[in-house]
Amino acid sequence: MSYHFIILGTQDNPLFSYVLGTSKQGGDGQARFPPSAAHLNQFVLHSSLDIAEEVQWGTGHLYLKCIDKFFNNYISCFVTGSNTKFMLLHQPTQQGPGVTTRSSAAIGANPTSPQTEEAIRAFFQEVYESWVKTVMSPFYGLNKEIRSPVFRQKVAAAGRKYL
Amino acid sequence: MSSNRAARLGEEIWKTRIDKVSAELVTLTYGTIVAQLCKDFDNDYIEVNKQLDRMGYNIGLRLIEDFLAKSNTMKRCSNFRETAEMIAKVGFKIFLNITPMVTNWTNDNKQFSLVFEENPLADFVELPDDGRAQDELWFSNIFCGVLRGALEMVQMQVEAHFISDILRGNDTTEMRVSLIRYIDDELPPEDD
């Protein structure tokens, strides 16, 4: 499973971007996006914004779960109270015919399973907490790019822990 | 006054005579002031340090009166060591509910360090990553001014500056305070 995590500000402007791979089931935390399509992730993520904006008013929750699918890319979304969006693109590794499949409950094997949903919820929740602290810093301006190395580390740690 | 008595006094005043405000209010207000100063002076951090010190000085000049009224100790400290204990265990305690550690005395008892284990002004703060703020800005520099101003009003001329700050990546937040002299009562210039 490969992940691309982005944060979008209230004007749908990108604030933060982080690419990671799974660390569960012996994963090494490296993303395995096909080189030919890696640069399309941003487009895919942004193209789900319309759906996010439609769904966000329907549920009473910040976590919108998996809202969109584009070929093998699944998009999960989390909206904060001030309409900043956390979006996570997850792409299960394409498994060749000879490879033994892992258990179907494993995170990543099935992108819409409750386990994956729960793992992503935990990831978003942890990132959300760090994000709140980061935006409370007096030197951070609303809708400005998040450049804090501390925040990046925390996102990486949350990724290792849950994804 | 012994160290323990000072600690008890600070605790008692904090509990009974102090109005409390939200810590976030203090943190965010102070943070905004510093960020605005940085903007106003085009990230000239040396100048920002100076301005913070000056603001603190003006606060200190008046705050000492409040401190004396609240602490009800109309007795002079008999030496500089006692003064240090009062600052840390009563002064910081009643105004900010923190007790910095008094340490690193020089042999002549004229210089000590205040080590801040917690600093309510600096919660949430991350210094700008422009490569200079980490080396130049003393985020909590207002404290230095406050001490300088307050002690001046009780006949002590001191010099205070930070020598390390957790925000900069140091292990501790430490302020160095040195006594320059006791200010003698000066006679007003005679008018002829």
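Here the structure is a predicted model, which means the values were calculated and not measured.

### Quick look at the pairing of strand E3 (residues 63-70) of chain A
For E3(A) and strand E4 (residues 73-79) of chain A, the ladder comprises 6 bridges, and the chain directions are antiparallel. Bridging across to E4(A), A:Tyr63 finds its partner in A:Phe78.

### Observations regarding the sheet that holds strand E2 (residues 111-116) of chain B
Residues and elements named next belong to chain B. Taken in spatial order, the 4 strands of this open sheet run E1-E2-E4-E3, and their pairing is antiparallel. Two strands lie at the open edges of the sheet, namely strand E1 (101-103) and strand E3 (156-164), each paired on one side alone. Each neighbouring strand pair of the sheet contributes to a mean axis angle of 25 degrees, computed without reference to strand direction.

### Description of a negative patch on the surface
Taken together, the side chains of B:Glu24, B:Glu117, B:Glu118 and B:Asp123 present a region of like negative charge at the surface. Along the chain, the position of B:Glu118 falls in the loop between E2 and helix H5 (133-136).

### Remarks on the nonpolar core
One finds B:Phe112, B:Leu114, B:Phe139, B:Met175 and B:Val177 to be the most contacted residues of the largest nonpolar core, which totals 39 residues. Contributions of two or more residues to this core are made by helix H2 (23-40), helix H3 (45-71), helix H4 (80-96), E2, helix H6 (142-153), E3 and strand E4 (173-182) of chain B. Contact partners of B:Met175, with chain neighbours within four places excluded, come to B:Phe112, B:Ser113, B:Leu114, B:Phe116, B:Phe143, B:Cys144, B:Leu147, B:Ala160, B:His161 and B:Phe162. One finds A:Phe78, A:Phe124, A:Trp131 and A:Leu163 within the second-largest nonpolar core, a separate group that totals 25 residues.

### Quick look at the interface of chain A and chain B
Across the contact, 8 residues belong to chain A and 15 residues belong to chain B. Of the roughly 950 Å² buried between chain A and chain B on both sides combined, carbon and sulfur atoms contribute 69%. By the criterion of area lost to chain B, the three top residues of chain A are A:Met136, A:Pro138 and A:Phe139, representing 64% of everything that side buries. The tally of links from chain A across to chain B stands at 1 salt bridge. B:Asp129 serves as the salt-bridge partner of A:Arg147, at 3.9 Å between the closest nitrogen and oxygen.

Rules and cut-offs
- Residues numbered from 1 in each chain as written.
- Chains lettered and ligands numbered in written order.
- Predicted model: local features only at pLDDT ≥ 70, side-chain atom pairs only at ≥ 80, totals over all residues.
- Heavy atoms only, no water.
- Pairing = 2+ DSSP bridges.
- Helix = DSSP H or I, 4+ residues; strand = E, 2+ residues; numbered from the N terminus.
- Axes fitted to C-alpha atoms, helices over the stretch in contact; angles between N-to-C directions.
- Patch = residues over 30% accessible without salt bridge, like charges linked within 9 Å, V, L, I, M, F, W, Y side chains within 5 Å.
- Areas by Shrake-Rupley, 256 points an atom, 1.4 Å probe, with all protein chains shown as cover.
- Salt bridge = Lys/Arg side-chain N within 4 Å of Asp/Glu carboxyl O.
- Lys, Arg positive; Asp, Glu negative; His and termini not counted.
- Charge placed at Lys NZ, Arg CZ, Asp CG, Glu CD.
- Core = buried A, V, L, I, M, F, W, Y, C linked by side-chain atoms within 4.5 Å.
- Buried < 20%, exposed > 50% of the residue type's maximum accessible area, 1.4 Å probe, protein only.
- Contact = heavy atoms within 4.5 Å.
- Buried area = accessible area lost by both parts, 1.4 Å probe.

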